[in-house]
Amino acid sequence: MIQLRPGLLVTLLAALIAVFLLMPLVAVIPVSFTPTRYLSVPEGEWSLRHYRALIEKPAWGEGIWLSIRIGAVASVVATTLATAFALGIWMIRPRFAPVLMGLALLPMVAPPVVSALTLYFFLITLSKLNGFVAYDTWAGVALAHAVMIAPFAVVLISVALAQLDRRIDLAARSMGAGVATRVFRVILPNIRFTLLTALFLTFVLSWEEIGVTLFITSVNAVTLPRLMWMGLRDNIDPAIAAISVVLIVIVVTVILAKTVWQMRKGGRGA
């Protein structure tokens, strides 16, 4: 089997493009060590004051914990609903399946402002009925995020089911397996990696959501992206650069760990 390897020119070009794309991220690192109270590149003196502020100021910890809680709940709800929807389409195959798919993907293609306003009025209405899933509550934000991120899970799971051989489901049904058995013991185990991917993707999308969050929160449910946006709008707090560096380090660590795991797995397979 012939294996094609990129040439030296292509490798250098790819490296230059990667450096160009990463430069804005690298520029944040020295700014996070500035000793001043405004965004600037340190000149001679470097300080950890803004990293200490992430620990000393409770607002940052509360924002991080709230974003994690909202992201976890929203990703589970969105993936569960997307799985149920995609399974229904795949198993029943209704004639109007394209229409249903279009409705499910509507939050993905609708303008964010339209979705934000719709969710705002929806949560305001819920506020009149209860104080838990309502405007400016973490549960209300999680519900709104689930609505916005569910279409991405629908796409992932639908693609996985489209590649799944229907004969395994027919074989299970011919042997007398019920719907629950077919779903939980035959179909879902074959797409478990896609389900984990959908959970991770929807969590990341909820974690970084800011457009809708600005419309449906006020002073109680302040997520990390909203806290960063408030800092940029009010006084451009350099602590934003510090938290950005922390997030970059976490993402790079996860990517490197995944790459090493895949390389070791490939080595064992060889």
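Our subject is the structure listed above.
Residues numbered from 1 in each chain as written. Predicted model: local features only at pLDDT ≥ 70, side-chain atom pairs only at ≥ 80, totals over all residues. Heavy atoms only, no water.

**Student:** Explain unusual backbone geometry residue by residue, including any values.
**Tutor:** Trans peptide bonds make up most of the peptide bonds, and negative phi angles are found at most residues other than glycine. Although it is not a glycine, Arg93 adopts a positive phi angle of roughly 50°. Within the secondary structure, Arg93 sits in the loop between α3 (58-92) and α4 (97-104). Taking the relative accessible area as the measure of exposure, Arg93 reaches 57% and is therefore exposed. The backbone of Asp136 sits at a positive phi, close to 60°, despite the residue not being glycine. Tracing the sequence through the fold places Asp136 in the loop between α6 (112-127) and α7 (138-162). You can call Asp136 buried: its relative accessible area is 7%. (Helix = DSSP H or I, 4+ residues; strand = E, 2+ residues; numbered from the N terminus. Buried < 20%, exposed > 50% of the residue type's maximum accessible area, 1.4 Å probe, protein only.)

**Student:** Can you tell me about the packing of aromatic side chains, naming the residues and giving the values?
**Tutor:** For the structure shown, the criterion picks out six aromatic pairs. A centroid spacing of 5.2 Å and a plane angle of 70° characterise the contact between Tyr120 and Phe121, whose relative ring orientation is edge-to-face. Overall, the relative accessible area of 27% leaves Tyr120 in the partly exposed class. Given a relative accessible area of 53%, Phe121 falls into the exposed group. Each ring, one from Phe203 and one from Trp207, has its centre 6.2 Å from the other, and the planes form 35°; the classification is tilted. Taken together, the residues span about one helical turn, with Phe203 and Trp207 both in helix α10 (residues 192-208) at a distance of four residues. You can call Trp207 buried: its relative accessible area is 19%. Taken together, the ring pairs connect Phe33, Trp46 and Tyr51 into an aromatic cluster. (Phe/Tyr/Trp six-rings, centres within 6.5 Å; stacked < 30°, edge-to-face > 60°.)

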